[in-house]
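What follows is each chain in one-letter form.
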Amino acid sequence: MANKKATRATPRKAQTPKRRKEKPLFVKLYLFLYNILSFSGWGYVLFLVVKTLIDTNGDYTKVYDNIRNELTIVQSCATLEILHSIIRFVPSPVFTTTCQVFSRLFVSCFILYYTNDPKTYQSPFLTSMVIAWSVTEVIRYLYYALNIFKIQIKLLTWIRYTFFYILYPIGASSECVLIYTSIPAVIKIHQYCPYVNYIVLASYIPFFPILYMHMIKQRKHVLGGKKKKTQ
């Protein structure tokens, strides 16, 4: 019998997951500095809010007077995050980053700073919004700053991907109340300006769930654990 040549199938090489490109040192240092300064800025805003409430026995109507400039500056600096996302300094999606930054800028710079309406900035929802923003950002920026150099603290990671369950709805709902409350003052600027308020309010209906679900997916990815493959 003729010997049959056994043909052996050449095994395919297992595909290894692509590693993210290591960031250049200057990018790491820049992002670390940005995150530390943002952490400090939001920490200072939170300190001013708490100090004002303590000094005035809980009079929330005085809060904005003491944080007006600081809040506007630190929130305006967040526009850099859109640029960071576009030029891929960070892996954050451009769309979700832009949505979040724009809504906050609209409230902090236009609704509060430019309109300067006492009925709006003396609302208790101003205080709840700023506290939600500040706590969220203090946690987020500290987490990012340490993560740049691969320093991971389990408790901080858990807080980062858990506290948003409460803080995001508080912040977003407070923003919506302030946007709606400011309409009588906005109409004095121009008769068509309130339409901008209505459009922004309507945008929360599709965009907030997108942002919220994005964070839930991130939480599952970071805290969900890896499933071990059994052979």
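Residues numbered from 1 in each chain as written. Predicted model: local features only at pLDDT ≥ 70, side-chain atom pairs only at ≥ 80, totals over all residues. Heavy atoms only, no water.

**A closer look at unusual backbone geometry**
Link 1 in the chain: Its identity is not glycine, yet R88 carries a phi of approximately 65°, on the positive side.
Link 2 in the chain: Tracing the sequence through the fold places R88 in the loop between α3 (80-86) and α4 (94-114).
Link 3 in the chain: Of note, the phi angle at N116 is positive, near 55°, even though the residue is not glycine.
Link 4 in the chain: For N116, the location among the structural elements is in the loop between α4 and α5 (118-121). (Helix = DSSP H or I, 4+ residues; strand = E, 2+ residues; numbered from the N terminus.)

**Some points on the side chain of T72**
Link 1 in the chain: Looking at where T72 falls in the secondary structure, it is placed in helix α2 (residues 63-76).
Link 2 in the chain: Not counting residues within four places of it along the chain, the set of residues in contact with T72 comprises Y64, S108, C109 and Y113. (Contact = heavy atoms within 4.5 Å.)

**Considerations on the packing of aromatic side chains**
Link 1 in the chain: Applying the stated criterion across every chain yields a total of 19 aromatic pairs.
Link 2 in the chain: Geometrically, the ring pair formed by F32 and F149 is edge-to-face, given 5.5 Å between the ring centres and 70° between the ring planes. Of this pair, F32 sits in helix α1 (residues 25-55) while F149 sits in the loop between α6 (124-148) and α7 (154-160); the two residues are 117 residues apart in sequence, bridging distant segments of the chain.
Link 3 in the chain: Classification of F149 as partly exposed rests on a relative accessible area of 36%.
Link 4 in the chain: Ring geometry for Y34 versus Y141: centroids 6.0 Å apart, planes at 80°, classification edge-to-face. Linking Y34 in helix α1 with Y141 in helix α6, this pair joins segments that are 107 residues apart in sequence.
Link 5 in the chain: Grouping aromatic residues by their ring pairs yields a cluster made of F164, Y165, Y168, F208 and Y212.
Link 6 in the chain: R68 extends its terminal NZ or CZ atom over the ring of Y113, reaching a point 4.1 Å from the ring centre.
Link 7 in the chain: Sitting above the plane of the Y141 ring, R140 keeps its charged end 4.5 Å from the centroid. (Phe/Tyr/Trp six-rings, centres within 6.5 Å; stacked < 30°, edge-to-face > 60°. Buried < 20%, exposed > 50% of the residue type's maximum accessible area, 1.4 Å probe, protein only. Lys NZ or Arg CZ within 6 Å of the ring centre and 35° of its normal.)

**A few points about the confidence of the model for the protein**
Link 1 in the chain: Per-residue confidence for the protein gives a mean pLDDT of 90; residues scoring 70 or more make up 88%.
Link 2 in the chain: Confidence over residues 226-231 falls short of pLDDT 50; this stretch has zero contacts with residues more than four positions distant or in other chains. (pLDDT = per-residue confidence, 0-100.)

**With respect to the packing of α6 against helix α8 (residues 164-181)**
Link 1 in the chain: Interaxial distance between α6 and α8 falls to 8 Å at its minimum, and their mutual angle equals 145°. In the packing of α6 onto α8, the handedness of the crossing is left-handed. Residues F125, L126, S128, M129, A132, W133, V135 and T136 of α6 form the contact with α8, whose participating residues are L167, Y168, I170, G171, S174, E175, V177 and L178.
Link 2 in the chain: Residues belonging to the contact of α6 with α8 are distributed by class as follows: 11 nonpolar, four polar and one charged. (Axes fitted to C-alpha atoms, helices over the stretch in contact; angles between N-to-C directions. Left-handed = near helix turned anticlockwise from the far one by under 90°. Nonpolar A, V, L, I, M, F, W, Y, C, P; charged D, E, K, R; others polar.)

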